[in-house]
Amino acid sequence: MKSVLVYIETDNDKIRSVSLELLSKGNELKEKLNTELHAAIIGKDNDRFFKELFAFGADKVFSVKGDKYSPYRTIPHTRGMLEIIKKSDPQIILYGATNIGRDLAPRIASTLRCGLTADCTDLQIGDFEYMKKKWENLLYQIRPAWGGNIIATIVNPEMHPQMATVREGVMHLIEPDYSRKGEVVELTLDESPEDEKVKILDRILKEKTVDLKGADIIVAGGAGVGSKGNFQKLFDFAKLIKAEVGATRAAVDAGYIGKDHQIGQTGTVVKPKVYFAFGISGAVQHRVGMEQSGTIIAVNTDPEAPIFDIAHVRIVGDLNEVLPMMIKMYKELGK
Amino acid sequence: MRIVVLAKQVPDTKNVPENAMKEDGTLNRQALPAIFNPEDLNALEMALELKDRYGAYITVISMGPPNAKEVLKDSLYRGADKTVLISDRKLAGSDTLATSVALAGAIKHVEPNFDLIICGRQAIDGDTAQVGPQVAEKLNVPQITYTLSIEEVDSKEVICDREIENGVEKVKATLPVLLTVTKEANIPRPENVKMMMKYKKADIAPESKIKIDMLSLDDIGVDAKYVGLNGSPTKVKNIESVVIAKKETKDYSPDENGIKELFNDLMENHLVG
Ligand SMILES: Cc1cc2nc3c(=O)[nH]c(=O)nc-3n(C[C@H](O)[C@H](O)[C@H](O)COP(=O)(O)OP(=O)(O)OC[C@H]3O[C@@H](n4cnc5c(N)ncnc54)[C@H](O)[C@@H]3O)c2cc1C
Ligand SMILES: Nc1ncnc2c1ncn2[C@@H]1O[C@H](COP(=O)(O)O)[C@@H](O)[C@H]1O
């Protein structure tokens, strides 16, 4: 009964949302595989997170605790994780596709000589046949490749555990159940001089200025917006309807808006209730970051723009005319 | 200072021409121009800056088909001292783990006394960012991923800034160490005209007077069972082109009536308001 194990990341006294998303998905995987869901937490004050990990479906929490584990450093966390893997005995290990997950997971894959698939956008369980051999209940690791032009399904039939990093925002959160209980397994490791080969001298954290993930409404602009000044109109509209402002990479690269606002394959993945797309062509790398939005409202001068293939509301027109009209109408109707 | 740079030749996935998509939705690799992986140019630039500052001997290693020598030639034009191509049919089908076995083996063979290994953060064909950390693990050295800049290096340690999820972290690592470099780190210098003259004829030995060494698995002492398809834990089950499900679309006219109707509909459904 090999487990499903999730590596938990914490940030500012909170469990990172990607870790909770992975636990949520882990519930589904464990049911299909008829096994247990385990959480691995390596850090300083782990205990205060246990309740929430159980609430999100962990049956067991493996905890490695000590000052040296926070903030994250590669080697101490690799050693901690390897110890947890020994005890948890997983068939699947999931990590967030964050700077931390993408630093840690390959180091572990190399040590264990197992497969690892980066930046998955979906995970499923299924069978696999290859050279007359058949495997059942493998993890399908689904990810965009070739700059987003194709979607590949990767499997890891033999050299287990099966490991994947998963993009933040693509898995749905389950409703936590705070009455759930589970078992905590505390592990301690021997000291190793290896742990101190890299030391953190300083950290400068910047405040997040946008919260695309938490937004119900996103007003996004692309290259068609045309200038930084014009983007200000998007901000005005967003403020009016209580939305956050998003952008395409083309708009970010043109310097109209900061990178924090980028949505898509190399930006944030979002699924707000309403997504306004102004002057966005709808390139696949942008679509993968927003096509799960509830209602997509696209404004584009080009009736053939691919964004209209996924839009629920189609307005063929110039955003320079449509946007001011929207602001005006909203003010009139909102009264 | 002895520096190894790992550089890969990749298909230019940023500019996919129409004819590159095959009927079955897969990509025809041959139809894409082959380029120097962009972040590997940042890695090379970081090595060259260290060479300018402290003096260094730079070895660039690439694994790939004989054609990948172009990347190595380009490295010589920019100021690398030595280039090595690891090429062997048995490497075909290698995933990131198998690739790291071959590259770590090559480093042990070619430049065992390295102080720094510098890689790109990720290659644009796979976007995995895995090979760097896996090579570091195989050589049992620490890694600094997402490196933005090097503050200083002495004979024992390096101090770098690296990107973290919500900011920047300054770290100090003992040498030898492996770094992966992001595109924010620097602007790669262009080819140097003098070097271009000097290395114009550089080719795979023995066709030319050395400069690009081509080594096989036997040459670097790597067992074929750890590379290629057999040494790769991951298998591609299938690939699909990206198809979009056509959604119900409603048209609204781009005038006051249309916009009014839209907002009425949105407010009625409590989507805005
Ligand atoms: C590896 C890789 C990763 C990438 N990651 C991302 C990513 O994360 N996010 C992302 O967004 N992109 C990403 N891209 C880039 C992506 O391929 C597109 O280039 C980009 O999304 C295009 O942005 P755009 O729609 O703003 O610009 P364009 O494609 O230039 O489209 C502009 C649109 O505006 C319309 N327009 C012009 N003027 C007006 C007007 N006055 N009124 C109304 N409409 C107007 C035009 O008709 C056009 O449709 C990535 C690319 C690669 C290769
Ligand atoms: N075949 C290769 N030859 C040389 N270096 C490579 C090769 N594959 C990967 N690398 C290095 O590893 C980095 C990360 O690659 P990847 O894990 O494929 O995204 C690249 O930027 C290169 O520095």
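Residues numbered from 1 in each chain as written. Chains lettered and ligands numbered in written order. Predicted model: local features only at pLDDT ≥ 70, side-chain atom pairs only at ≥ 80, totals over all residues. Heavy atoms only, no water.

*Asks:* Can you walk me through the domain arrangement of chain A in this structure?
*Replies:* The parts lose accessible area when they come together, and the size of an interface is often stated as this lost area. All names here are of chain A. As far as domains go, chain A holds domain 1 (3-196) and domain 2 (217-334). A separation of 34 Å is found between the C-alpha centroids of domain 1 and domain 2. Interface area, domain 1 with domain 2, both sides summed: about 720 Å², of which 41% is carbon and sulfur. Across the contact surface, domain 1 and domain 2 share 0 salt bridges. Between domain 1 and domain 2 we count 3 residue pairs in polar contact (both at pLDDT 80 or more) in total. Within the side of domain 1 that touches domain 2, the residues separate by chemical class into 2 nonpolar, 5 polar and 2 charged. (Domains from an automatic or database assignment. Buried area = accessible area lost by both parts, 1.4 Å probe. Salt bridge = Lys/Arg side-chain N within 4 Å of Asp/Glu carboxyl O. Polar contact = N/O pair within 3.5 Å; in protein donor to acceptor, adjacent residues only side chain to side chain. Nonpolar A, V, L, I, M, F, W, Y, C, P; charged D, E, K, R; others polar.)

*Asks:* Help me out: how do you make sense of the nonpolar core in this one?
*Replies:* Side chains of a nonpolar character, in soluble globular proteins, are inclined to be buried together. Counting 40 residues, the largest nonpolar core has Ile3(B), Val5(B), Ile58(B), Leu116(B), Ile118(B) and Val158(B) as its most contacted members. In terms of residues, this core owes the most to one element, helix H1 (residues 38-54) of chain B, which gives 7 residues. In this structure, Leu116(B) is in contact with Met1(B), Arg2(B), Ile3(B), Val4(B), Leu50(B), Val158(B), Leu175(B), Val177(B) and Leu179(B), ignoring residues within four places of it in sequence. In terms of nonpolar packing, the next biggest core, distinct from the first, is built from 37 residues, Phe231(A), Val322(A), Leu262(B) and Met267(B) among them. (Core = buried A, V, L, I, M, F, W, Y, C linked by side-chain atoms within 4.5 Å. Buried < 20%, exposed > 50% of the residue type's maximum accessible area, 1.4 Å probe, protein only. Helix = DSSP H or I, 4+ residues; strand = E, 2+ residues; numbered from the N terminus. Contact = heavy atoms within 4.5 Å.)

*Asks:* What's the story with the site of ligand 1 in this structure? I'm lost.
*Replies:* Taken together, the neighbourhood of ligand 1 is formed by 27 residues, with Ala223(A), Thr248(A), Thr266(A), Ser281(A) and Asn300(A) sitting nearest. Residues close to ligand 1 are split across chains A and B. Here Ile263(A) contributes a backbone N or O atom positioned 2.8 Å from a nitrogen atom of ligand 1. A distance of 2.7 Å is found between an oxygen atom of ligand 1 and a side-chain nitrogen or oxygen belonging to Gln285(A). Considered on its own, ligand 1 offers 980 Å² of accessible surface; in the complex 79% of this is hidden by protein. Elements with a contribution of two residues or more to the shell around ligand 1: helix H6 (249-253), helix H7 (284-287) and helix H9 (319-334) of chain A. Class assignment for the residues of the shell around ligand 1 results in 6 nonpolar, 17 polar and 4 charged. (Near = heavy atom within 4 Å. Areas by Shrake-Rupley, 256 points an atom, 1.4 Å probe, with all protein chains shown as cover.)

*Asks:* Is there a simple way to think about helix H5 (residues 228-240) of chain A in this case?
*Replies:* Count 3.6 residues to each turn of an α-helix, and residues three or four apart come out pointing the same way. Residues and elements named next belong to chain A. Helix length check: H5, at 13 residues, gives a terminal C-alpha distance of 19 Å against a target of 18 Å (1.5 Å per residue), a fit within 8%. All buried positions along H5 are accounted for by Asn 230, Phe 231, Leu 234, Phe 237 and Ala 238. On an axial view of H5, the arc spanned by its buried residues comes to 105°, and they lie on one face. Set apart from the buried face of H5 by more than 90 degrees, the exposed residues are Lys 228, Gly 229 and Lys 239. (Expected span 1.5 Å × (residues − 1). Arc of directions from axis to C-beta.)

*Asks:* In this structure, what is going on with the packing of aromatic side chains? I would like to understand it.
*Replies:* Given two aromatic rings, their pairing is described by the distance between the two centres and the angle made by the two planes. Per the counting criterion, the structure on display carries 9 aromatic pairs over all chains. With a centroid separation of 6.0 Å and 15° between ring planes, the pair formed by Phe128(A) and Tyr130(A) is classed as stacked. An aromatic cluster of three or more residues is present, and its members are Phe237(A), Phe276(A), Phe278(A), Tyr330(A) and Phe263(B). The aromatic ring of Phe308(A) is capped on one face by Arg314(A), whose charged end is 5.3 Å from the ring centroid. (Phe/Tyr/Trp six-rings, centres within 6.5 Å; stacked < 30°, edge-to-face > 60°. Lys NZ or Arg CZ within 6 Å of the ring centre and 35° of its normal.)

*Asks:* I'm lost on the side chain of Ser62(B) in this one. Help?
*Replies:* Assignment of secondary structure puts Ser62(B) in strand S4 (residues 57-63). Once you skip the residues sitting within four places of it in the chain, Ser62(B) turns out to touch Ala7(B), Lys8(B), Gln9(B), Ala68(B), Leu72(B), Val84(B), Leu85(B) and Ile86(B).

*Asks:* Help me understand the sheet that holds strand S4 (residues 37-43) of chain A in this model?
*Replies:* Hydrogen bonds between backbone groups are what pair the strands of a sheet, and the pairing can be parallel or antiparallel. Residue and element names in this part refer to chain A. Read across the sheet, 7 strands follow the order S7-S11-S6-S1-S4-S5-S12 without closing on themselves; strand pairing throughout is parallel. The sheet is open, and its two borders are formed by strand S7 (116-120) and strand S12 (183-187), each paired with just one other strand. Taking each pair of neighbouring strands and ignoring which way they run, the sheet shows an average axis angle of 20°. Sheet topology note: the strand S6 (residues 90-96)/strand S11 (residues 162-166) ladder contains 5 bridges and is parallel. (Pairing = 2+ DSSP bridges. Axes fitted to C-alpha atoms, helices over the stretch in contact; angles between N-to-C directions.)

*Asks:* For this particular structure, what's the right way to read the pattern of salt bridges?
*Replies:* Two side chains of opposite charge can pair, provided their charged atoms sit close to one another. Per the counting criterion, the structure on display carries 45 salt bridges over all chains. We note a salt bridge from Lys250(B) to Glu261(B), for which the minimum N-O separation is 3.9 Å. Taken as a pair, Lys250(B) in strand S14 (residues 250-251) and Glu261(B) in helix H7 (residues 256-268) lie far apart in primary sequence, 11 residues in all. Overall, Glu261(B) belongs to the partly exposed group, its relative accessible area being 38%. Residue Lys250(B) is classed as partly exposed on the basis of its relative accessible area of 40%. Put simply, Lys25(A), Glu28(A), Lys32(A) and Asp122(A) are held in one network by salt bridges that share partners.

*Asks:* Looking at this structure, how should I read the interface of chain B and chain A?
*Replies:* Facing the 80 residues of chain B at the interface are 82 residues of chain A. For the pair chain B and chain A, the summed buried area comes to about 7100 Å², and 58% of that belongs to carbon and sulfur atoms. For the interface between chain B and chain A, the tally reads 3 salt bridges. Lys328(A) serves as the salt-bridge partner of Glu256(B), at 2.8 Å between the closest nitrogen and oxygen. Here chain B and chain A share 34 residue pairs in polar contact (both at pLDDT 80 or more) between them. Split by residue class, the side of chain B that touches chain A holds 36 nonpolar, 20 polar and 24 charged. Here strand S18 (residues 313-316) of chain A pairs with S14(B) via 2 bridges, running parallel. When the bridges of S14(B) are listed, Val313(A) appears paired with Lys250(B).

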